[in-house]
Amino acid sequence: MSYISVNDLKTQYKTQTGIVHAVDGVSFFLEKGESIGIAGESACGKSTLGLSLMRALQGGIVVSGDILLDGKSIIKMSESEFTKNYRWKEISMVFQGAMNSLDPVFTVEHQFHEILKQHNYTGDFDKRIAEIITSVGLNNSVLKKFPHELSGGMKQRIVIAMALLLNPKFVIADEPTTALDVLVQAQVISLLKKLKKEGLSIMLITHDLAIISEIAEKIGVMYGGKMIEFGSSSEIYKDPKHPYTQGLLQSIPSLKENKKPQYIRGNPPTLLNPPQGCRFYDRCPHAMEKCKKDPPKIKTDSGYVQCWLYE
Ligand code: SF4
């Protein structure tokens with residue numbers, strides 16, 4: 001039994017113009033201590049997938065499929081059970097842009113205290129806060145500061161520390177390096193690597209495949225609400241199967257090879273009324289007639305690829 005198992009998950013948003021099929025039949029699994037990178041362009045459903053796992057959807061609902069954590073369905077359990085035993089304690093999230101949501105009128109220390117109070121933490125507050133601040137490579141002096149007195153990198157470390165405060169085993173990090181300069185990005189990546197080494201499972205949501213290679217054993221590539229390729233990072237980096245994954249990897253500039261980065265022509269499909277067949281059809285250099293009708297799911301050694309080329 002896998003630690004995390006997501007089975008044919010479908011999450012939708014009802015809007016005035018129709019239903020947005022944001023996550024449309026996504027499946028993947030992770031063993032304990034393993035991490036996964038979720039890659040793809042903007043609006044492909046990556047963040048909605050993370051929010052579905054955290055049961056923190058705003059306006060969206062999981063319409064079918066299941067998410068099992070250690071064999072237990074977190075979709076079927078009551079909200080009170082999830083809040084009491086799972087949210088922040090077993091599974092937590094660093095939300096996209098979270099460093100900008102620190103409350104400007106309270107010190108960092110006050111904000112840590114609030115979290116522990118809200119979750120009825122029974123241990124020593126100051127001891128736990130000092131432990132977690134040290135574990136993200138900060139000094140206790142940041143506790144007396146207000147958010148505006150901190151750099152972007154410090155704020156990002158603080159929101160990561162907040163997500164870890166109640167000792168979860170699985171953390172979803174949504175674009176944790178976006179809006180940071182490259183040096184601070186490198187610091188945040190090395191912090192995530194250190195936490196992973198200490199046993200944390202991470203789901204890293206990013207549009208940057210290069211970052212995933214540093215942290216995750218598995219990759220799920222999303223396109224148009226579907227996970228079009230899933231498997232081990234080493235295999236997918238070495239031998240990407242889906243034409244979209246190939247395009248993403250070819251768009252990363254290389255310092256070693258004297259090759260121009262390529263780009264994927266065209267735009268992703270609308271998720272309001274997505275095409276019936278392969279969603280990459282309009283942009284795919286290998287598109288065939290049958291791709292228009294039905295996207296297949298072909299098993300690979302370590303996962304699957306949704307492409308007729310591997311029938
Ligand atoms: Fe291209 Fe067809 Fe594969 Fe889709 S199924 S990625 S259109 S070859």
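Residues numbered from 1 in each chain as written. Predicted model: local features only at pLDDT ≥ 70, side-chain atom pairs only at ≥ 80, totals over all residues. Heavy atoms only, no water.

Trainee: Whenever I open this one, the overall build of the chain confuses me. Can you help?
Mentor: The number of helices and strands found in the chain is nine helices and 12 strands. Relative to its length of 311 residues, the chain is compact, with a C-alpha radius of gyration of 20 Å against a globular reference of 19 Å. In the chain, which comprises 311 residues, the share counted as buried stands at 50%. In the chain, 64% of the contacts between residues at least 6 apart in sequence involve partners at least 24 apart. Carbon and sulfur atoms provide 53% of the accessible area of the chain, an area that totals close to 15300 Å². The average position of the 37 basic charges and that of the 33 acidic charges among the side chains of the chain differ by 1 Å. (Helix = DSSP H or I, 4+ residues; strand = E, 2+ residues; numbered from the N terminus. Rg over C-alpha atoms; globule rule 2.2 N^0.38 Å. Buried < 20%, exposed > 50% of the residue type's maximum accessible area, 1.4 Å probe, protein only. Contact = heavy atoms within 4.5 Å. Areas by Shrake-Rupley, 256 points an atom, 1.4 Å probe, with all protein chains shown as cover. Lys, Arg positive; Asp, Glu negative; His and termini not counted. Charge placed at Lys NZ, Arg CZ, Asp CG, Glu CD.)

Trainee: Which parts of the structure should I look at to understand the sheet that holds strand S10 (residues 226-232)?
Mentor: Across a sheet, paired strands are connected by hydrogen bonds in the backbone, their directions being either parallel or antiparallel. As summarised here, the arrangement of the eight strands in space is S6-S7-S8-S3-S9-S10-S12-S11, forming an open sheet in which the pairing is mixed. Every interior strand has two partners, whereas the edge strands, strand S6 (91-94) and strand S11 (298-299), have only one. Sheet topology places strand S3 (residues 36-39) next to strand S9 (residues 218-223); four bridges connect them, and they run parallel. Across the sheet, Ile36 pairs through a bridge with Lys218, a residue of S9. Sitting on the sheet, helix H9 (residues 243-250) touches S9 and S10, and the angle it makes with S9 is about 105°. (Pairing = 2+ DSSP bridges. Axes fitted to C-alpha atoms, helices over the stretch in contact; angles between N-to-C directions.)

Trainee: What is the right way to look at the site of the ligand in this model?
Mentor: Neighbouring the ligand are the residues His242, Pro243, Cys278, Tyr281, Cys284, His286, Ala287, Cys291, Cys307, Trp308 and Leu309. Within the shell around the ligand, the residues separate by chemical class into nine nonpolar, two polar and no charged. (Near = heavy atom within 4 Å. Nonpolar A, V, L, I, M, F, W, Y, C, P; charged D, E, K, R; others polar.)

Trainee: What am I meant to see in unusual backbone geometry here?
Mentor: Working note: non-glycine residues mostly have negative phi, and peptide bonds are mostly trans. One non-glycine residue, Asp8, lies in the positive phi region at around 45°. The exposure class of Asp8 is partly exposed, given its relative accessible area of 41%. The residue Asn167 is not glycine, and still its phi comes out positive at about 65°. Along the chain, the position of Asn167 falls in the loop between helix H5 (152-164) and strand S7 (170-174).

Trainee: What is the right way to read the side chain of Ser52 from this model?
Mentor: Mapped onto the elements, Ser52 comes out in helix H1 (residues 46-53). Looking at Ser52, its side chain comes within polar contact range of the side chain of Thr11, at 3.0 Å. Among residues more than four places away in sequence, those in contact with Ser52 are Leu9, Thr11, Leu57, Val62 and Ile67. (Polar contact = N/O pair within 3.5 Å; in protein donor to acceptor, adjacent residues only side chain to side chain.)

Trainee: Where do I start with the nonpolar core in this structure?
Mentor: One recurring pattern in soluble globular proteins is that nonpolar side chains are buried together. Phe112, Ile158, Ile160, Leu164, Leu204 and Tyr244 are the most contacted members of the largest nonpolar core, which has 57 residues in total. Counting residues per element, this core draws most heavily on H5, at seven residues. Residue contacts for Leu164: discarding those within four places in its chain leaves Arg128, Ile132, Val136, Val171, Leu195 and Leu200. Core analysis: the next-biggest nonpolar cluster, separate from the first, contains 36 residues, Cys44, Met222, Phe230 and Tyr304 among them. (Core = buried A, V, L, I, M, F, W, Y, C linked by side-chain atoms within 4.5 Å.)

Trainee: What's the story with the pairing of strand S8 (residues 201-206) in this structure? I'm lost.
Mentor: Most of S8 sits out of view: six of its six residues are buried. Residues of S8 alternate between two faces, with Ser201, Met203 and Ile205 on one and Ile202, Leu204 and Thr206 on the opposite face, all of them buried. One ladder, built from four bridges, connects S3 with S8; its direction is parallel. Directly across from Ala39, in S8, lies its bridge partner Thr206. Bridging between S7 and S8 involves five bridges; their strand directions are parallel. What sits directly across from Ala173, in S8, is Leu204.

Trainee: What's the story with H1 in this structure? I'm lost.
Mentor: An α-helix turns once per 3.6 residues; consequently, residues spaced three or four apart project the same way. Judged by how many residues are buried, H1 sits mostly within the fold: seven of eight residues are covered. Along H1, the residues classified as buried are Lys46, Thr48, Leu49, Gly50, Leu51, Ser52 and Leu53. Arg55 lies just past H1 and shows a positive phi near 50°.

Trainee: Even after reading the chapter, I still don't get the state of the cysteines, so can you show me in this structure?
Mentor: The term disulfide refers to a covalent linkage connecting the sulfur atoms of a pair of cysteines. This structure, assessed with the given rule, holds zero disulfides. Cys278 supplies the cysteine sulfur nearest to Cys44, a cysteine that is in no disulfide, at a spacing of 14 Å. (Disulfide = S-S within 2.5 Å.)

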